[in-house]
Amino acid sequence: GTTNNSFFANVNTGTGTDPAGTVAPGQPGCSNGTFAAPWQTLIRARKCVVAGDTVYGLNGLQQITTDGNNAALNLALAAAGTAGNEIALLAYPGATVQIGVSCPTAAGDPTLPAPCDTARPVYGITSFRPYWIFGGLTIQGRAIAINGNANRNRYIGDNFSCPYGNGAAACV
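All values reported here derive from a predicted model rather than from experimental measurement. (Residues numbered from 1 in each chain as written. Predicted model: local features only at pLDDT ≥ 70, side-chain atom pairs only at ≥ 80, totals over all residues. Heavy atoms only, no water.)

What follows deals with empty space enclosed by the protein. The full count for this structure, using the stated rule, is one cavity of 30 Å³ or more. Taken as a whole, the largest cavity holds about 60 Å³ of empty space. Around the largest cavity, the lining residues are Leu-42, Ala-45, Arg-46, Val-49, Val-55, Leu-73, Leu-75, Ile-87, Ala-88, Leu-89 and Trp-132. Those elements giving two or more residues to the lining of the largest cavity turn out to be helix H1 (42-48) and strand S5 (87-91). The residue makeup of the lining of the largest cavity, split by class, is 10 nonpolar, no polar and one charged. (1 Å grid on protein atoms, 1.4 Å probe; cavity = no way out; pocket = protein on both sides within 12 Å on 5 of 7 lines; lining within 4 Å. Points joined across faces, edges and corners; volume = space filled by probe spheres on them. Helix = DSSP H or I, 4+ residues; strand = E, 2+ residues; numbered from the N terminus. Nonpolar A, V, L, I, M, F, W, Y, C, P; charged D, E, K, R; others polar.)

Another aspect to go through is the nonpolar core. Core analysis: the largest hydrophobic core is formed by 27 residues, its most contacted members being Leu-75, Leu-89, Ile-99, Ile-125, Trp-132, Phe-134 and Leu-137. Of all the secondary-structure elements, those providing two or more residues to this core are H1, strand S4 (71-74), S5, strand S8 (132-135) and strand S10 (144-147). (Core = buried A, V, L, I, M, F, W, Y, C linked by side-chain atoms within 4.5 Å. Buried < 20%, exposed > 50% of the residue type's maximum accessible area, 1.4 Å probe, protein only.)

This part is about the packing of aromatic side chains. If you walk through the whole model with that rule in mind, you get four aromatic pairs. Measuring from centroid to centroid gives 5.5 Å for Phe-134 and Tyr-155, while their planes differ by 10 degrees, and the two rings are stacked. Placement of Phe-134 in strand S8 and of Tyr-155 in strand S11 (residues 154-156) is noted, with a sequence separation of 21 residues between them. For the pair Tyr-155 and Phe-160, a centre-to-centre distance of 5.8 Å together with 70 degrees between the ring planes defines the contact as edge-to-face. The class of Phe-160 is partly exposed, set by a relative accessible area of 29%. (Phe/Tyr/Trp six-rings, centres within 6.5 Å; stacked < 30°, edge-to-face > 60°.)

Further remarks concern the sheet that holds strand S12 (residues 159-161). A sheet is described by the order of its strands in space; here four strands give the open sequence S3-S6-S9-S12, paired in parallel fashion. Strand pairing shows two members of the sheet lacking a second neighbour, strand S3 (62-63) and S12, which therefore form its edges. (Pairing = 2+ DSSP bridges.)

The next thing to look at is the environment of Thr-82. Mapped onto the elements, Thr-82 comes out in the loop between S4 and S5. Since its relative accessible area comes to 37%, Thr-82 is described here as partly exposed. C-alpha of Thr-82 to C-alpha of Val-50: the two residues are 32 residues apart in sequence and 9.7 Å apart in space. Here Thr-82 is in contact with Ala-51 and Tyr-131, once residues within four sequence places are set aside. (Contact = heavy atoms within 4.5 Å.)

Examined against the element boundaries, Asp-158 turns out to sit in the loop between S11 and S12. Arg-154 is the oppositely charged side chain nearest to the buried, salt-bridge-free Asp-158, at an N-O distance of 10 Å. At a separation of 2.8 Å, a polar atom in the side chain of Asp-158 contacts the main-chain amide nitrogen of Leu-137. Setting aside chain neighbours within four positions, we find Asp-158 in contact with Phe-134, Gly-135, Gly-136, Leu-137 and Ile-139. (Lys, Arg positive; Asp, Glu negative; His and termini not counted. Salt bridge = Lys/Arg side-chain N within 4 Å of Asp/Glu carboxyl O. Polar contact = N/O pair within 3.5 Å; in protein donor to acceptor, adjacent residues only side chain to side chain.)

Whenever strands of a sheet pair, they do so through backbone hydrogen bonds, lying parallel or antiparallel. Pairing in this open sheet of three strands is parallel, and the strands run S4-S7-S10 from one edge to the other. Sheet topology places S4 and S10 at the edges, where each strand pairs with a single neighbour. For this sheet, the mean inter-axis angle between neighbouring strands, taken without regard to orientation, is 10 degrees. (Axes fitted to C-alpha atoms, helices over the stretch in contact; angles between N-to-C directions.)

Not every positive phi belongs to a glycine, and Asn-69 is a case in point at roughly 55 degrees. By the element assignment, Asn-69 lies in the loop between S3 and S4. On the basis of relative accessible area, Asn-69 is assigned to the partly exposed category, the value being 46%. For Tyr-131, which is not glycine, the phi torsion reads 65 degrees and is therefore positive.

Keep in mind these values describe shape, not function.
Here it is, written out as structure tokens:
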């Protein structure tokens, strides 16, 4: 992709012609990632983006199931950005976008409220690729919200939560 900050463009993500894309809850299948036909999940967005792309999560979007590596969003499977061509994952202005859940570490405890069960991830985001930007997101984990190498990544106005975090890493 190429750097393009124009969100309301006719999007064709992954080809380098216009990299902005949106993701919204409840949309069927995988579209081109346009505002009118957003991708269904952040996992689909992760599979489609390339360096220079920007993805906007729309209001109500939640990624709370395990994507891999016991995380809600496993970026080990994603493309890396480059210096000057970062990949941005941003909450659309005014939107609430949640990645992960803040559940107790005692997964499987029958007294835990849904969605705190063994199918839920321990980490919010794990296994970072370099040159990603995260903005306006709620990132939660049972013990760690951000797990992995965050080298050359930026966090702008994110809300981190991991009530059971401890040790040197704690939440991030």
